[in-house]
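So the chains spell out like this:
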Amino acid sequence: MIRESLTPRSGWQRQFEDLGFSYHSIDGLYWDERYAYRFNSAQIDTLEQATIDLHDMSLQAVDHVVRHGQYERFAIPQSFWSQVEESWREQEFSLYGRFDLSWDGTGAPKMLEYNADTPTGLVESSVAQWYWLQDVFPNADQFNSLHEKLIEQWKKFEGKGVVHFACADSEEDIGNLSYLRDTAIQAGFATKQCLIGNLGWDDANAELVDEMDVKIDNLFKLYPWEWLCREQFSAHLLQRPARIIEPAWKMILSNKAILPVLWELFPNHPNLLPAYTEAWRISGNFVKKPLLSREGENISIYADGNVLHTEGEYGHEGFVYQAYAPQPKFDDGITPAFTSIGAWVVGNEAAGIGIREDESLITKNTSRFVPHYFVD
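Residues numbered from 1 in each chain as written. Predicted model: local features only at pLDDT ≥ 70, side-chain atom pairs only at ≥ 80, totals over all residues. Heavy atoms only, no water.

K.L.:
Explain the overall build of the protein to me, please; I cannot follow it from the model alone.
P.N.:
Scanning the protein from terminus to terminus reveals ten helices and 20 strands. Against the 2.2 N^0.38 benchmark of 21 Å for 376 residues, the protein shows a C-alpha radius of gyration of 20 Å, consistent with a compact globule. Each principal axis of the C-alpha distribution contributes one length, and for the protein these read about 65 × 50 × 35 Å. The burial tally for the protein puts 56% of its 376 residues in the buried class. When contacts within the protein are restricted to residue pairs at least 6 apart in sequence, those whose partners lie at least 24 apart make up 69%. If you sum the accessible surface of the protein, you get close to 15800 Å²; carbon and sulfur atoms cover 46% of it. One finds the centroid of the 31 positive side-chain charges in the protein at a distance of 3 Å from the centroid of its 56 negative side-chain charges. (Helix = DSSP H or I, 4+ residues; strand = E, 2+ residues; numbered from the N terminus. Rg over C-alpha atoms; globule rule 2.2 N^0.38 Å. Buried < 20%, exposed > 50% of the residue type's maximum accessible area, 1.4 Å probe, protein only. Contact = heavy atoms within 4.5 Å. Areas by Shrake-Rupley, 256 points an atom, 1.4 Å probe, with all protein chains shown as cover. Lys, Arg positive; Asp, Glu negative; His and termini not counted. Charge placed at Lys NZ, Arg CZ, Asp CG, Glu CD.)

What follows is the structure in structure tokens.
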């Protein structure tokens, strides 16, 4: 795993805008092709196997939580416990997820967390870096089968009628949602896109409806379950008026409380880090993480007598404590970077990676996206 310095392509901004990747320069610098990460095929095999193994263990962890009714430790509202259980028992359709890994190309990749409900970074991982590869390294390969796998996974969805796609009014979320909608269209579905704030409830017909009062039978929501189940109309969702993607059982996997469960079930697994609900059980440096948090907020790293902390609005539900696995640092003397690998899962298959860089050890919403390639 080598970080290489490159010269950005001329006109890449226009290319990406034509592809629907309009937020390529959000916060000033997001997509960053001044650099690229080079892997060899053996390293890609290692990442792929780690992703498969982690996803398989995660599904076993969900089953364990459901069988033992451990919803309280996840701060899931009690009114939704039965829905989580039913969605798991029925094996409701799941489209995708993303593991965040710490790895420098040697040894075993370490799981930091699983973004299993509303992972973003999809357009850049699937489309943008593939076009970059064709222009810059046309004879190389890339760990990236996201587009094809998303279409094939949609074909397994048994919902009838229109699939509504909803998200918050954010350029990045809309870009990710539009791309996912396109993969569903290519799989043969009729679709409609709307804002999550425009969803409503028709009391007379007991139906979830869009802004045109059209019944919603199938809803893909790029909107976290922990927010959705606290919305004003959330009580109506208990009637299960629509098929919702991602399903309610993803409330377990998208919660940091899954980290101690995984360590309990698979202690000393090479891809896992020790994780507990009590800090004193960690020997050495550790990271304090809220059960529910996004964009690197409210994270505290306690390492070698120092504390690195990010502010935010999370932590009310509680915290978990995970052994510290520092992100690898690459430094060319110009733009030093701590690197995080996002390993994608589609259905139950590993589907590719996306790489984020940050000047700090905590990957945030402002972290840069850097493309990758591999050679034999």
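On we go.
K.L.:
Just to check I follow, could you spell out the packing of helix H4 (residues 122-136) against helix H5 (residues 146-154) for this structure?
P.N.:
Two numbers describe a pair of packed helices, the interaxial angle and the distance between the axes. Two elements in contact, H4 and H5, have axes separated by 9 Å at closest approach and are oriented at 120 degrees. Contacts from Leu 122, Ser 125 and Ser 126 of H4 reach H5 at Leu 146, His 147 and Leu 150. Split by residue class, the contact of H4 with H5 holds three nonpolar, three polar and no charged. (Axes fitted to C-alpha atoms, helices over the stretch in contact; angles between N-to-C directions. Nonpolar A, V, L, I, M, F, W, Y, C, P; charged D, E, K, R; others polar.)

K.L.:
Sorry if this is basic, but what is going on with the sheet that holds strand S10 (residues 243-245) here?
P.N.:
Strands in a sheet are paired, the pairing made by backbone hydrogen bonds, and the direction either parallel or antiparallel. Taken together, the four strands give an open sheet; going across it, the order is S6-S5-S9-S10, and neighbouring strands pair in parallel fashion. With one partner strand each, in any of the chains shown, strand S6 (191-195) and S10 form the two edges of the open sheet. Strand after strand, the sheet turns through a mean of 25 degrees between neighbouring axes, direction not considered. As paired elements, strand S5 (residues 163-167) and strand S9 (residues 218-222) share five bridges and run parallel to each other. (Pairing = 2+ DSSP bridges.)

K.L.:
Would you take a moment to explain helix H2 (residues 41-67) for this structure?
P.N.:
Within an α-helix, residues lying three or four positions from one another point in the same direction, as the helix has 3.6 residues per turn. Its 27 residues give H2 an end-to-end C-alpha distance of 39 Å, which sits within 8% of 39 Å, the value for a rise of 1.5 Å per residue. Looking at where H2 begins, the residue whose side-chain oxygen comes 3.1 Å from the main-chain nitrogen of Ala 42 is Asn 40. Just beyond H2, the residue with positive phi is Gly 69, at close to 55 degrees. (Expected span 1.5 Å × (residues − 1). Polar contact = N/O pair within 3.5 Å; in protein donor to acceptor, adjacent residues only side chain to side chain.)

K.L.:
How do you make sense of H5 when you look at a structure like this?
P.N.:
By the burial criterion, the buried members of H5 are Leu 146, Leu 150, Ile 151, Gln 153 and Trp 154. All buried residues of H5 fall inside an arc of 165 degrees around its axis, so they share one side. (Arc of directions from axis to C-beta.)

K.L.:
Explain the packing of H5 against helix H6 (residues 171-186) to me, please; I cannot follow it from the model alone.
P.N.:
Interhelical geometry of H5 versus H6 gives an angle of 60 degrees and a closest axis separation of 8 Å. For the element pair H5 / H6, the angle class is oblique. Of the two elements, H5 crosses H6, and the hand of that crossing is right-handed. On H6, the residues touching His 147, Leu 150, Ile 151 and Trp 154 of H5 are Tyr 179, Leu 180, Asp 182, Thr 183, Ala 184 and Gln 186. Among the residues making up the contact of H5 with H6, the classes are represented as six nonpolar, three polar and one charged. (Parallel < 35°, antiparallel > 145°, perpendicular 65-115°, else oblique. Left-handed = near helix turned anticlockwise from the far one by under 90°.)

K.L.:
Whenever I open this one, the packing of aromatic side chains confuses me. Can you help?
P.N.:
Throughout the structure, instances matching the rule amount to 29 aromatic pairs. On the numbers, 3.9 Å between centres and 20 degrees between planes, the contact of Phe 137 with Tyr 373 is stacked. Here Phe 137 is found in the loop between H4 and H5, whereas its partner Tyr 373 is found in strand S20 (residues 372-375), with 236 residues between them in sequence. We classify Tyr 373 as buried; its relative accessible area is 5%. Seen from their ring centres, Phe 157 and Phe 189 are 5.8 Å apart, and the 45 degrees between their planes marks the pair as tilted. In this pair, Phe 157 sits in the loop between H5 and S5 while Phe 189 sits in the loop between H6 and S6, placing the two residues 32 residues apart along the sequence. (Phe/Tyr/Trp six-rings, centres within 6.5 Å; stacked < 30°, edge-to-face > 60°.)

K.L.:
What is the right way to read empty space enclosed by the protein from this model?
P.N.:
One simple way to see leftover space: roll a probe sized like a water molecule over the atoms. Under the criterion given, the structure shown has two cavities of 30 Å³ or more. By volume, the largest cavity amounts to about 70 Å³. Forming the walls of the largest cavity are Phe 74, Ala 75, Ile 76, Pro 77, Glu 226, Cys 229, Arg 230, Met 251, Ser 254, Asn 255 and Leu 292. Residues of the lining of the largest cavity, tallied by class, amount to seven nonpolar, two polar and two charged. By volume, the second largest cavity amounts to about 50 Å³. (1 Å grid on protein atoms, 1.4 Å probe; cavity = no way out; pocket = protein on both sides within 12 Å on 5 of 7 lines; lining within 4 Å. Points joined across faces, edges and corners; volume = space filled by probe spheres on them.)

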